[in-house]
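Residues per chain, in single letters:
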Amino acid sequence: MNKIQKHILLVEDNPADAELIRVILSEKKPSSYMLHVKERLSEALDFLSGHKIDIVLLDLGLPDSHGVSTIQKIKEQYPFIPIVVITGNENENTGIEAVRMGAQDYICKGLIPNHYLTQTIEYAIHRQDSEFRLRQSEAKYKSIVDNIGIGVALINVDLTILETNSCMHQWFPQINIQNGTKCYESIQCFCNGAPDFQDCPVTATLKDGMAHTYTGKKDHITYQLLSSPLKDGSGQVKGVVLLSEDISERLSVEARLRQAQKMESLGTLAGGVAHDFNNILTAIHGFAALAKSEAEDNDSLKNDLSEILNATHRAGDLVKQILTFSRMGTCEKLAIRMDLIIKEVLKLLRSTLPSNIEIINLVGKTQEKILADPTQIHQIMMNLCTNAFHAMEETGGTLKVSLEQISQEEIKANDLKSLKDRPHFKLMVKDTGTGIPTELMESIFDPYFTTKGIGEGTGLGLSVVQGIVKDCDGEIVVESTVGKGSCFTLYFPITKTDSAAASTSVQMEQWKGTENILLVDDEPSILKLGTRILSMGGYQVHTEVNGHAALEYIQKHHDRIDLILSDMTMPKMTGFELAQRLLELPFNIPIIIMTGYSHVLSTARIKEAKIKAVIAKPLFMENLMPAIRKALDKKSVPL
């Protein structure tokens, strides 16, 4: 197989010297080399621009260039072409200087053995190729090390930093390799400027030859250091490779994950508590309502019982708030009075905030309402007031809360184009705390954005507030001055329609009936209460304590049952499972589910099991009786 022909550019203005080199090269196989001769440097550079050359044989005494600077002129344009200098000067210093300038080798005219010239050419080409490959490898390695997102530093036994990658230099720009800086001088956030710092991983590695880690902060960034020993063949530690990683985001993600897990656990706990607590509230409310209906002319007793009934309603709302806070509840928009909720929150806060924070309540009484979930309005107030407290925690201050109604004209005057053209409530929560820096204002509503430390906040508060306000077709505006405080202004449209729950006023006579009802619940107090309420309404009631017993009764006495009223959460068989089993039987008996809490009854599942209605506990008579009557009346309509 023939070798690949090598192209040689000879830059020589002496024709006799050029001919000599041609003769020497021709002694090799003619196909081994192709010689190109140019007499001037300018001609050589032009030739190189259009031809592939393997090596340049360069005379240093040319008409248009002289001395070792000629080498530099070629290297500037063609750095990877090997150069062998041919000089008439037998001074060895000239050759050494030529190599220092980038030439691969040099030979002297008149002292060129035939075999030495070709050998020099071959070695020069080979060395240049090896150097090129080495440079490629080094560049690749450096690119990888510079872009791995981890700082890398090579440190010797006297703690001098010998080399770093770009990431390490970016994080710790005080590193100066040329000046031989020590690691404890450059990475002071970990070693505090002392070489014997007890937690320094580099010092520890040099002492015991083991890998060590350490975590520290610099400019609000958390870094983790890993030092690994560099050992020679005998196992002696000759230095340390120090890796530095920014773990701030990882810690943040881990914190959010822990918070999510805590919220999930809280939601599970809240669900269980809600079920049991609502059963208790059902008994308290139901028996109090019965007692009130039988109190006759005892006004004092009626008033006392009314207070109990009002308290059970507030307790039921509190359970909803707990479920909403734990992200396990559902949102139900009602026509509500904001002033009542705001005053309730401020009353709660007054007993929890320190005495150095003054609360100014400028919330007057108003009969106008907004359409919103009351638990979410409660959550808005708690979030905004809690943020205000944190802003004034160290120095104290004033928390001012006001609520007023504004007209369409004022909406237009404030250039609030996103709001509908109708009257609104303007809620203002103002503090005299630290304020919000200008550069953070655009981020305060971003999910998970927080200025608090890890474990001190989730960064969800203001994003949740904004989401609730937008869901109510409202708007939120923030004004803040560093050192003076912040003011959050919330706008909510006033609704003209009242909620069904607020406007329902149905008399007992409209709820009555004579049908047979199967009541299923594992709580004896609920069975006792339900029996009394339904019996007062004229219904015939049979009770069972679980789903299995109810199913057996249905199979034997289905002709005596007009409606089934079942609890959702019961041992052995849930109310939903009972409804599913009922579908397998050839009886058209409607079923209503009562639940203290359940997140599994989606609209699709309710429809799938043909459940007529789902009634939330605590059971209030005004909610239970109309639902029963409606389900029975639908059944009586012929298909």
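Residues numbered from 1 in each chain as written. Predicted model: local features only at pLDDT ≥ 70, side-chain atom pairs only at ≥ 80, totals over all residues. Heavy atoms only, no water.

(A) Structural detail: the overall build of the protein chain. On a plain count of helices and strands, the protein chain comes out with 21 helices and 24 strands. Across the 639 residues in the protein chain, those meeting the buried criterion constitute 42%. Excluding contacts between residues fewer than 6 apart, the proportion of contacts in the protein chain whose partners are at least 24 apart in sequence is 65%. Carbon and sulfur atoms make up 52% of the accessible area of the protein chain, which totals about 34500 Å². (Helix = DSSP H or I, 4+ residues; strand = E, 2+ residues; numbered from the N terminus. Buried < 20%, exposed > 50% of the residue type's maximum accessible area, 1.4 Å probe, protein only. Contact = heavy atoms within 4.5 Å. Areas by Shrake-Rupley, 256 points an atom, 1.4 Å probe, with all protein chains shown as cover.)

(B) Expanded view of empty space enclosed by the protein. Counted under the stated rule, the structure contains 2 cavities of 30 Å³ or more. In this structure, the largest cavity encloses a volume near 80 Å³. If you go around the largest cavity, the residues you meet are Thr 282, Leu 519, Ile 526, Leu 529, Gly 530, Ile 533, Leu 565, Met 594, Leu 619, Phe 620, Met 621 and Leu 624. Where the lining of the largest cavity is concerned, the elements lending two or more residues are helix 17 (524-536) and helix 21 (621-636). Per-element tally for the lining of the largest cavity: the top contributor is helix 17, with 4 residues. (1 Å grid on protein atoms, 1.4 Å probe; cavity = no way out; pocket = protein on both sides within 12 Å on 5 of 7 lines; lining within 4 Å. Points joined across faces, edges and corners; volume = space filled by probe spheres on them.)

(C) Expanded view of the environment of Val 469. Here Val 469 lies in helix 15 (residues 461-471). The exposure class assigned to Val 469 is buried, which follows from its relative accessible area of 1%. With 92 residues separating them in the primary sequence, Val 469 and Ile 377 have C-alpha atoms 8.8 Å apart. Leave out the neighbours within four places in its chain, and Val 469 touches Ile 380, Gly 474, Glu 475, Ile 476, Leu 490, Tyr 491 and Phe 492.

(D) Geometry of helix 3 (residues 69-77). Those residues of helix 3 that sit buried are Thr 70, Ile 71, Ile 74 and Lys 75. Taken end-on, helix 3 shows its buried residues confined to a sector of 135°, consistent with a single buried face. (Arc of directions from axis to C-beta.)

(E) Layout of the nonpolar core. Within the largest apolar cluster, 42 residues are counted, with the highest numbers of intra-cluster contacts made by Leu 399 and Leu 490. It is helix 13 (residues 374-392) that contributes the most residues to this core, 8 residues altogether. If near-sequence neighbours (up to four positions away) are discounted, Leu 399 is found in contact with Leu 353, Ile 357, Glu 358, Ile 359, Ile 360, Cys 385, Ala 388, Met 392, Val 429 and Lys 430. In terms of nonpolar packing, the next biggest core, distinct from the first, is built from 26 residues, Ala 289, Leu 529, Leu 624 and Met 625 among them. (Core = buried A, V, L, I, M, F, W, Y, C linked by side-chain atoms within 4.5 Å.)

(F) Expanded view of the pattern of salt bridges. Summed over all chains, the structure comprises 14 salt bridges. When the shortest N-O distance is used, the salt bridge between Glu 122 and Lys 6 registers 3.6 Å. Here Glu 122 is found in helix 5 (residues 114-146), whereas its partner Lys 6 is found in strand 1 (residues 6-11), with 116 residues between them in sequence. Notably, a salt bridge pairs Glu 475 with Lys 470, separated by 3.1 Å at the nearest N-O pair. Taking relative accessible area as the criterion, Glu 475 reaches 13% and is therefore assigned buried. Each of Glu 515, Arg 629 and Asp 633 takes part in salt bridges that share partners, so that together they form one network. (Salt bridge = Lys/Arg side-chain N within 4 Å of Asp/Glu carboxyl O.)

(G) The sheet that holds strand 2 (residues 33-38), seen in detail. Taken together, 5 strands build an open sheet; the order of strands is 2-1-3-6-7 and the sheet is parallel. In the strand order of this sheet, the two ends are held by strand 2 and strand 7 (105-108), each with one partner. Across the sheet, the mean angle separating the axes of adjacent strands is 20° when strand polarity is ignored. Where helix 1 (residues 15-26) meets the sheet, it contacts strand 1, strand 2, strand 3 (55-59) and strand 6 (83-87), and its direction lies at approximately 175° from that of strand 2. (Pairing = 2+ DSSP bridges. Axes fitted to C-alpha atoms, helices over the stretch in contact; angles between N-to-C directions.)

(H) Molecular detail of the pairing of strand 23 (residues 591-595). Of all 5 residues in strand 23, 5 are buried; the element is thus mostly enclosed. The alternating pattern of strand 23 places Ile 591, Ile 593 and Thr 595 on one face and Ile 592 and Met 594 on the opposite face, and all of these are buried. Following the chain from strand 22 (residues 563-567) across helix 19 (residues 575-583) to the adjacent parallel strand 23, one finds a crossover that is right-handed. Here 4 bridges tie strand 23 to strand 24 (residues 613-616), and the two strands are oriented parallel to one another. Looking at strand 24, one finds that Thr 595 is bridged to Ala 616. (Right-handed = clockwise from strand over helix to strand, strands pointing away.)

(I) Structural detail: the environment of Thr 375. Its place among the elements puts Thr 375 in helix 13. What makes Thr 375 buried here is its relative accessible area of 5%.

(J) Quick look at the confidence of the model for the protein chain. Looking at the protein chain as a whole, the pLDDT averages 81, with 84% of positions reaching at least 70. Ranking the helices and strands of the protein chain by mean pLDDT puts strand 20 (residues 516-520) first, with 95, and helix 16 (residues 500-503) last, with 40. Within the model, the stretch residues 453-460 combines pLDDT values under 50 with 14 contacts to residues more than four positions away or in other chains. For the stretch residues 499-506, pLDDT sits under 50, and the model shows 6 contacts to residues farther than four places along the chain or on other chains. (pLDDT = per-residue confidence, 0-100.)

(K) The sheet that holds strand 12 (residues 237-246), seen in detail. Strand order in this open sheet of 5 strands is 9-8-12-11-10, and the pairing throughout is antiparallel. On the outer flanks of this sheet lie strand 9 (161-164) and strand 10 (212-218), each paired with one strand and no other. Neighbour-to-neighbour, the strand axes of this sheet turn through a mean angle of 25°, independent of strand direction.

(L) A look at a positive patch on the surface. A cluster of basic side chains, namely Lys 610, Lys 612, Lys 630 and Lys 634, defines a positive patch on the protein surface. Residue position: Lys 610 is located in the loop between helix 20 (603-608) and strand 24. (Patch = residues over 30% accessible without salt bridge, like charges linked within 9 Å, V, L, I, M, F, W, Y side chains within 5 Å. Lys, Arg positive; Asp, Glu negative; His and termini not counted. Charge placed at Lys NZ, Arg CZ, Asp CG, Glu CD.)

(M) Here's a closer look at the packing of aromatic side chains. Across all of its chains, the model carries 2 aromatic pairs by this definition. Between the aromatic rings of Trp 171 and Tyr 223, the centroid separation amounts to 5.1 Å while the plane-to-plane angle is 55°, which identifies the pairing as tilted. On the criterion of sequence distance, the pair formed by Trp 171 in helix 6 (residues 166-171) and Tyr 223 in strand 11 (residues 221-231) is long-range, its members being 52 residues apart. The pair formed by Trp 171 and Tyr 223 is uniform in burial state, with each residue classed as buried. (Phe/Tyr/Trp six-rings, centres within 6.5 Å; stacked < 30°, edge-to-face > 60°.)

(N) Region of the structure containing helix 9 (residues 201-208). Of all the positions in helix 9, only Pro 201, Val 202, Thr 203 and Thr 205 are classed as buried. Backbone geometry just after helix 9 places Gly 209 at a positive phi near 70°.

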